[in-house]
Structure formats: structure tokens, C-alpha cells
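# Geometric and topological summary
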Amino acid sequence: MISRMPPSSRKTSPTARLPRIGLALGSGGARGWAHVGVLRRLSELGVPVSCVAGTSIGSIMGATFAAGRLDVLENLSHRLDWRRVAALFVEVNFPRAGLLTGKRIQQFLQEIVGVARIEDLPLPFATVAADLLSGEPVILRQGGVVEAIRASIAIPGIFVPALRDGRHLVDGGMINPVPVDVAELLGADLVIAVDVNLQSGRGQEPPPAVDAQPANRAVADAVDAIMAHAGQSAPRMQGAMADAMQRWFRRETPGLSIFDVLTRSVRIAENQITRSRLKLHPPALLIQPLVGDIETLEFHRSAQAIAAGRAATDAVADQIRALLER
């Protein structure tokens, strides 16, 4: 559900307009489930969102929110366990430029977002990728929604780079983890940024997970259909590589895997880049859920992350109200 502009009780001149509020949703892998908690609380608080920019996992959450399908994301979170996550990530092939092609995830995302083109989303939306060869940021605000998301989530070494207009695109978190400036480019006067890469969350007491029920039967049926499709699209896995990857998802393999090395290395870089860019492009309000103990591919820990997002938003509720009074 997208929060619309509430009627204002303030006296304004006929030519005055209320500031446009944009969202900048940051990268962070499975930590990005916290975005769902933030988005839900912002809607409940009546924040009128005019546009959304997202990077990596933030692009998935942002596009789904812009499509008005937050309920689908929220209810999907209750149905994900390690087996379903593994069905999306485990592939039995050996591409040269990455461990995964991302084809299963693309099919999965199309059913979640439910909109084919960025231009057809009810809210203006953009995502960020990085040109692997030139090192330049690439802002994607037109064309296929899923194709744009696929480029933005392409963690180097994990996913094969996405090809678009002759460019090899990888995870936008490598260059712009919390795209405040992109939200401004979309026309936002004030930007609420959500950073899920804050490392200080590690070791702190996480908020209790909320065991929410599906909002309605139609949403629950849609989520069940998505999960069934994910299971059907995963062929029978064979070979030592597939077995090793499944054992890693079950956390039965001691020590660090190649997934751990690649994803943790990316997170270290993204955290440093995030600190620098937030100083360069400070948002009107920064929300930082405490999800630093969640690993990049631990998508089954969605309940904890969503609860952290809600808690972090509640912690700045007074600032949000003050922002709406500007």
C-alpha cells in the first residue's frame, strides 16, 4: 500500500506546494528485509512518498513498494526458509563470470513486482548499477523492471554481470549503496534514507520478530503461487557442487565458503562507501535498522529484519512528524 498525500491543516498560498518526499533504500542483501518494516511504518505514519530510489536489495523492495505490492513482500517473508532460498540460488552450472546466472531469481522477481516496465509503476522509480569496465554509476529509470533490478543486485563473483546497452553491470552497492542523490534526481525535495549496512548492530539485542498473519486471503494465495513457481522452476540438483552449496545453506559446512568470502568482502566495501556518500549527500532523515548480524544470503531471517526496520522507524517517529510539518 502506498501512502498518499494527506490533507494539510496548514494554511498555504494558492501557489505553494508541499515538499516532495523521496525514499532512498540501501543495499545489504538479506538485511534489506528491514526495508519492509520501515516502509510499513512510514505508510502507517502517513508519510506521503512521491518517488523511490533503491540499490541492490533496495531496488527489489523499492520497486515492489512503488508497484503497490508491499503486502506481497510482507507475506512472502513468512514463507521463506533455507530450502526455498536455496532453490533460488543453487544452480548447477559453472559460468565464467560468476557462480550464478540469476535466471531463477529473475523469474521470481517478475511475479513479486507484477509490473513489466519502470514507466508503468505508479510511483517514479530508479535503481543503480555499476559499470564493471568503466567504474561509472548507471542509473536505470526506464525499461524492464526486473532487468534493472537484476543489474543492481549482481554481486561480483556471485552473479554473472548483467548486459545492458553493451555495458557489463554489477551490484550498485559497489558505487552508490544508499542512493540519496538519485531520489533527488527523481524530484524529491526531502529524502528519507534507509541504511542497512550499519555494523554497530552486531551483538546488540535484536527486536522481537513479529509473527504477522497474511493481510488477506488473496495476498496469501498469490504468495503461495510464487513459492510454488520457485519450487517448480528449480530442476533436480546433481553433482558435488550442488550438494556442497545445499550444505552451506543449511550451515552444515564449517568454516568460510566462497559465498561467505565474496559477500562479506562486498559488505565491507559497501559499508565504507556508504559512510562516505552519506556525508557527501546527507538525507533529510536517516533510518538505520540494527541488522548487522544478518549475513548477506540469510533471507530466511526476514522476521527479525522486518521487526528491526519497524523499531528503527519508531525510534525516529518524532523526526518524521517534524519532517511532515516543514
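Up top you'll find the structure we're talking about.
This text gives an overview of the structure that appears in the document. These figures come from a predicted structure and were not determined experimentally.

What counts, and where the lines are drawn
Residues numbered from 1 in each chain as written. Predicted model: local features only at pLDDT ≥ 70, side-chain atom pairs only at ≥ 80, totals over all residues. Heavy atoms only, no water. Helix = DSSP H or I, 4+ residues; strand = E, 2+ residues; numbered from the N terminus. Contact = heavy atoms within 4.5 Å. Polar contact = N/O pair within 3.5 Å; in protein donor to acceptor, adjacent residues only side chain to side chain. Buried < 20%, exposed > 50% of the residue type's maximum accessible area, 1.4 Å probe, protein only. Salt bridge = Lys/Arg side-chain N within 4 Å of Asp/Glu carboxyl O.

Time to look at the environment of Ala188. For Ala188, the location among the structural elements is in the loop between helix H7 (180-185) and strand E9 (190-194). Taking the C-alpha atoms as reference points, Ala188 and Cys51, 137 residues apart in sequence, are found 6.9 Å from one another. Discounting residues that sit within four places of it in the chain, Ala188 has contacts with Arg20, Ile21, Gly22, Cys51 and Ala183.

Now for the side chain of Asn271. Here Asn271 lies in helix H10 (residues 258-280). Engagement of the side chain of Asn271 in a polar contact is seen with the side chain of Arg275, the distance being 2.8 Å.

Looking at the secondary structure, you find Leu286 in strand E10 (residues 285-287). Overall, Leu286 belongs to the partly exposed group, its relative accessible area being 30%. As a C-alpha pair, Leu286 and Asp195 span 91 residues in sequence and 7.3 Å in three-dimensional space. Leu286 has contacts with Ala193, Asp195 and Leu278, leaving out every residue within four places of it along the chain.

Taken as a whole and judged by the stated rule, the model has 15 salt bridges. Arg40 serves as the salt-bridge partner of Glu74, at 2.7 Å between the closest nitrogen and oxygen. Here Arg40 lies in helix H1 (residues 34-44) and Glu74 lies in helix H3 (residues 70-76), a separation of 34 residues in the sequence. Between Arg321 and Asp318 there is a salt bridge, with the nearest N and O atoms lying 3.1 Å from each other. Linking Arg321 with Asp318, this pair stays in helix H12 (residues 317-324), spanning three residues, or about one helical turn.

Note that all results are geometric; they support no functional claim without further evidence.
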